[in-house]
Amino acid sequence: EPEVTQTPSHQVTQMGQEVILRCVPISNHLYFYWYRQILGQKVEFLVSFYNNEISEKSEIFDDQFSVERPDGSNFTLKIRSTKLEDSAMYFCASKKGHFNEKLFFGSGTQLSVL
Amino acid sequence: ELKVEQNPLFLSMQEGKNYTIYCNYSTTSDRLYWYRQDPGKSLESLFVLLSNGAVKQEGRLMASLDTKARLSTLHITAAVHDLSATYFCAVDGDRGAQKLVFGQGTRLTINP
C-alpha cells in the first residue's frame, strides 16, 4: 500500500538552529498537512496546504514556521529558530482529494531541541 | 472553539472482556475519525464516520456516531492482547478540510 514517508526519523538540534523536516506524500495526493504531538499529549494540527499555498494554519504555526513543496514530490516543514518547546513528534499527512476522507499519516520525525 | 474529550484516558482490561471508549465533542460536526497509535509509531486510520447513526465494524472493534448527542463510541468486543494501543478520536472542525481536533487519547492495555 502507498505510504507517506518522512525523514529523518529523529532530529536533534540546538535551540536557535533552523531545522527542515521532510515528507514525501503519496504520489497522487493533493492535500498535505503537518501535525505535531508533544510527548504524552494530544495530536495538534499545524497547517494544511493545497495548490501550492497554505489553506489553514493554527495559532502554533507562527512566523517561525514555514512550509514548502519545492518539487513535485517533497513537502517540507521549516522551523527557523527552534525553541525548547518545539520538541515533539511531527507528522506529515496527505489525502487524495477534498471529498476523499481518509487521511494518511507518515511515521513521524521526532524533533528534540536541546 | 471545538473541544474533543475522551474517556477513559487509561484503560486496563483482561482478554476476553468487552469495553467502550467514549468521545464527546463540543460543536456540531458530522465527521469523526478513530485512529490507533502504537508506541513510537504513526497514526493508523481505523474508522471514518460521516453521518448521524453511522456504525462501522472491523474485527473486534465497532465505532458509532450520534451527532445529536455529539458522541462517538469505540466498542471493543472480547479483547485480545494485540489491541493494546492508544486510541484517538478526532473531529473535523472545518467541514472536509481535515483540520482535525484530536481527543487526548485512551491508552488501552489488555492483559492476558
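Please refer to the structure placed before this passage.
Report on the accompanying structure. Just so it is clear, the structure is predicted and the values come from calculations on it, not from any experiment. (Residues numbered from 1 in each chain as written. Chains lettered and ligands numbered in written order. Predicted model: local features only at pLDDT ≥ 70, side-chain atom pairs only at ≥ 80, totals over all residues. Heavy atoms only, no water.)

All names here are of chain A. Along the chain, Ile60 falls in the loop between β6 (53-57) and β7 (65-68). Separated by 13 residues in the primary sequence, Ile60 and Val47 have C-alpha atoms spaced 9.1 Å apart. Discounting residues that sit within four places of it in the chain, Ile60 has contacts with Arg36, Glu44, Phe45, Leu46 and Phe65. (Helix = DSSP H or I, 4+ residues; strand = E, 2+ residues; numbered from the N terminus. Contact = heavy atoms within 4.5 Å.)

Let us now look at the side chain of Ser48(A). Residues and elements named next belong to chain A. Looking at the element boundaries, Ser48 is found in strand β5 (residues 43-50). Exposure remark for Ser48: the relative accessible area of 4% places this residue in the buried category. Ser48 has contacts with Phe32, Tyr33, Glu53, Ile54, Ser55 and Glu56, leaving out every residue within four places of it along the chain. (Buried < 20%, exposed > 50% of the residue type's maximum accessible area, 1.4 Å probe, protein only.)

This brings us to the state of the cysteines. Counted under the stated rule, the structure contains 2 disulfides over all chains. Two residues share a disulfide in this structure: Cys23(A) and Cys92(A), whose sulfurs sit 1.9 Å from each other. Judged by the torsion about the S-S bond (-65°), the Cys23(A)/Cys92(A) disulfide is left-handed. With a gap of 69 residues between them, Cys23(A) in strand β3 (residues 19-24) and Cys92(A) in strand β9 (residues 88-95) connect regions that are remote in the sequence. Both residues of the pair, Cys23(A) and Cys92(A), belong to the buried class. The disulfide bridge from Cys23(B) ends at Cys89(B), spanning 2.0 Å between sulfur atoms. (Disulfide = S-S within 2.5 Å.)

Turning our eyes to something else, we now look at the interface of chain A and chain B. With 18 residues of chain A in contact, the opposing surface of chain B contributes 23 residues. Of the roughly 1,700 Å² buried where chain A meets chain B, counting both sides, 53% is carbon and sulfur surface. The largest per-residue losses of area from chain A upon contact with chain B belong to Lys42(A), Glu101(A) and Phe105(A), which jointly make up 33% of the total buried on that side. Residue Glu56(A) pairs with Lys99(B) through a salt bridge whose shortest N-O separation is 3.6 Å. One can count 4 residue pairs in polar contact (both at pLDDT 80 or more) joining chain A with chain B. Contributions of two or more residues to the side of chain A that touches chain B are made by β4 (31-37), β5 and β9 of chain A. Split into classes, the residues belonging to the side of chain A that touches chain B amount to 8 nonpolar, 5 polar and 5 charged. (Buried area = accessible area lost by both parts, 1.4 Å probe. Salt bridge = Lys/Arg side-chain N within 4 Å of Asp/Glu carboxyl O. Polar contact = N/O pair within 3.5 Å; in protein donor to acceptor, adjacent residues only side chain to side chain. Nonpolar A, V, L, I, M, F, W, Y, C, P; charged D, E, K, R; others polar.)

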